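Observations on the three-dimensional arrangement
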Amino acid sequence: MELISHIELGFWVALTPENLGLCLLGCLIGTLVGVLPGIGPGATIAMLLPVTFGLPAAGAMVMLAGIYYGAQYGGSTTAILVGIPGEATSVVTVFDGQAMARLGKAGVALGIAAIASFSAGTIATLLIALLAAPISAFALEFGPVETFALLLLGLSSVVALTQGSLLKAAIMAVLGLLLSTIGTDPMQPQLRLTFGWTEIADGLNFVVVAMGLFGLAEIGSSLANREDRTTSSRQIGRLLPSGSELRQSLAPILRGTFLGSALGFLPGNGAVLAPFASYALEKNLAHERDRFGKGAIEGVAGPEAANNAAAQAAFVPLLTLGIPPNAIMALMMGAMVLHGIVPGPRVLVEQPELFWGMVASMWIGNLMLLVINLPLVGLWVRLLRVDYKLLYPAIVLFCCAGVYTLGSSPADVAQMAVFGFLGTMLSAYGFEPAPLLLGLVLGRPLEEKLRQSLELSQGSVSGFLASPIAMVLLGLSAIVVTASVLRSMQKLPSRPATLA
Amino acid sequence: MPTANRLVAVSLLAIAFIVFVNMWPASLVTLEEPGPGLFPKLLAGLLAMLSMALMARNTAAANDNFRNLLRPSLAILAAALLFAIAIQEFSLARLGIIVPALGMPAAGTLALLVSGLAEKHTRWMPLAILATLLPLGFSLILRFALGQPVALAPWLLGY
């Protein structure tokens, strides 16, 4: 009964005209971003953070969330029509989606992708609603020791599960933690690592760093790695799948949804892993495996359900525990902090309208995407022809102007420029920015809890061992890191690159 | 030629050393009363160890991708820095350099034009048109629609 009243509260908040408008705006921007080359949801969310200052907290979060899962829809559009994934989560959709387009069934592929995403979004939203209260209630019992162990688990899991070099991911995470110490000490009135620069006495501005690492850095990488984006010249055809096509897709959609929900919840890049796992599962379960890669509808339905479910499920650790499981959630966490909200289990208790409003708007956003995206597919196809040579200078302007409006400070713009340059160069050599951003976001709370824990235990490390929950969490951190070290030593094949 | 990994590792070792030296006066005190120096020093030590592990890796030298990236990343850096210099009055008194405040439309135009250098095959005419209209339109929206304190043309209008 309590769940029903919470959901009712959520819909009351989400169905206000302002929040409906912001949800629609976020979904449209997200789809646009997913379709357009060279700009991802991370860069877009970073660029729009300054804009959200003037919005109420719930509306801001609804819009930013809409951008995130809207980009999943947009990414699948380019994967199917162009054969190039708009986002990393759409890589697998290319295999059979493009093949269906070459067979003249692009419309069916787009239709089943939208239906699969909506179905998965609906189920995942329900799972969030069911799991949130128990997880938050459990986390509310945590003291400094348990919270420190949980934050450490979150950060170490993301580092361990990041694609590419474990060592480089660890370096970036530690660098992010170090950057978080710049400015005033959290517990004593003392400046640290400012070198006399008053501009950074309050620490590095998260928005500035994020816009540099995800906005400007992505431009450099995109210009260096240009792709041919010729759209499929065949007709799109009918958009709605037939009855038999829907029956064929039902089981893959359900399996993809639960697989995506489980992986998206875990720290790391679950949203990227989920569609791969779903594709492998469907191929293994299929009677005729050689249909895959040649236009098997299950090869689109399962992965699309998985990636949308994972995108929604990634909100669970953020909203209930205050742990962002990936870079996008770190940006969302930054947005919450900018609005004076402390992410974690208290959000559900102290601001239930924010939490349940976001949950309800996720379902509304998925419905909007299903209804508007299919009729607008012609518009998205035209947008695929936008010349990136004119798009990226506009992105540079939006980043510079956006950062400047934060505090009318040219120093912020200069900082962003430096982070953008470093981000481009570092990511070229396998130093991904996501762990750095997570370190920057989690650094201060991690330090506070560590120091509080040491003070409570009077400097004794046994304080950490006295708590069974902390021991379990620290043990899990050790297992995750050890498993990743062993994996990297065995030189297993690496997964495709992360795109934020 | 030093490998990219070694260049990064040396830079990170330098950062760790600077942090350790800078935080030396902010004493650790004791573990019972951990001070402001605890966390940065722990992290500096960890960074130093990881950097040495990185240095020990034997990888290839900087590859062609570095050359492909250098032009766009330097151009974008220059564009953003030029925006920062031009939007408000900028002075380097010791060198006698003073750049008057140009306002957001002019600073944005300069930034867009310089960013065009990032791409080898830039179409300069469409970019010039975009560079003229977009910063002006965006500045007007920021100032009059969103109420942001954005300078439009201090050298001409006084605001």
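Treat the numbers as computed from the prediction; the structure is a model and nothing was measured. (Residues numbered from 1 in each chain as written. Chains lettered and ligands numbered in written order. Predicted model: local features only at pLDDT ≥ 70, side-chain atom pairs only at ≥ 80, totals over all residues. Heavy atoms only, no water.)

Our next topic: the overall build of chain A. Secondary structure summary: chain A contains 22 helices and two strands in total. Relative to the 2.2 N^0.38 estimate, which gives 23 Å for 500 residues, the radius of gyration of chain A is 22 Å and therefore close to what a compact globule would have. Overall size of chain A, expressed as C-alpha extent along the three principal axes, is 70 × 55 × 50 Å. Buried residues in chain A amount to 61% of all 500 residues. Sequence separation of at least 24 residues holds for 79% of the intrachain contacts in chain A that already meet a minimum separation of 6. (Helix = DSSP H or I, 4+ residues; strand = E, 2+ residues; numbered from the N terminus. Rg over C-alpha atoms; globule rule 2.2 N^0.38 Å. Buried < 20%, exposed > 50% of the residue type's maximum accessible area, 1.4 Å probe, protein only. Contact = heavy atoms within 4.5 Å.)

Right, let's talk about the side chain of Ser-117 of chain A for a bit. Mapped onto the fold, Ser-117 of chain A is located in helix α6 (residues 106-139). Residue contacts for Ser-117 of chain A: discarding those within four places in its chain leaves Tyr-73, Glu-304, Asn-308 and Asn-366 of chain A.

This part is about unusual backbone geometry. Residues and elements named next belong to chain A. Phi at Leu-193 takes a positive value of approximately 55°, unusual for a residue other than glycine. Tracing the sequence through the fold places Leu-193 in the loop between β2 (191-192) and α9 (206-224). Look at Phe-195: it is not a glycine, yet its phi comes out positive at around 55°. Note on placement: Phe-195 falls in the loop between β2 and α9.

Counting residues at the interface gives 66 residues for chain B, matched by 59 residues for chain A. Here chain B packs against chain A, burying approximately 5,400 Å² in sum over the two surfaces, 78% of which is carbon and sulfur. The largest per-residue losses of area from chain B upon contact with chain A belong to Pro-36, Phe-39 and Leu-69 of chain B, which jointly make up 12% of the total buried on that side. Where chain B meets chain A, there are one salt bridge. Note that Arg-123 of chain B and Asp-387 of chain A form a salt bridge whose closest N and O atoms lie 2.6 Å from each other. Between chain B and chain A we count eight residue pairs in polar contact (both at pLDDT 80 or more) in total. Going through the elements one at a time, α1 (4-22), α2 (38-55), α3 (64-87), α4 (104-115) and α5 (124-145) of chain B are the ones with two or more residues in the side of chain B that touches chain A. For the side of chain B that touches chain A, the leading source of residues is α3 of chain B, giving 16 residues. Its residues placed into classes, the side of chain B that touches chain A shows 48 nonpolar, 14 polar and four charged. (Buried area = accessible area lost by both parts, 1.4 Å probe. Salt bridge = Lys/Arg side-chain N within 4 Å of Asp/Glu carboxyl O. Polar contact = N/O pair within 3.5 Å; in protein donor to acceptor, adjacent residues only side chain to side chain. Nonpolar A, V, L, I, M, F, W, Y, C, P; charged D, E, K, R; others polar.)

Without other data, these values stay purely geometric and don't point to any function.
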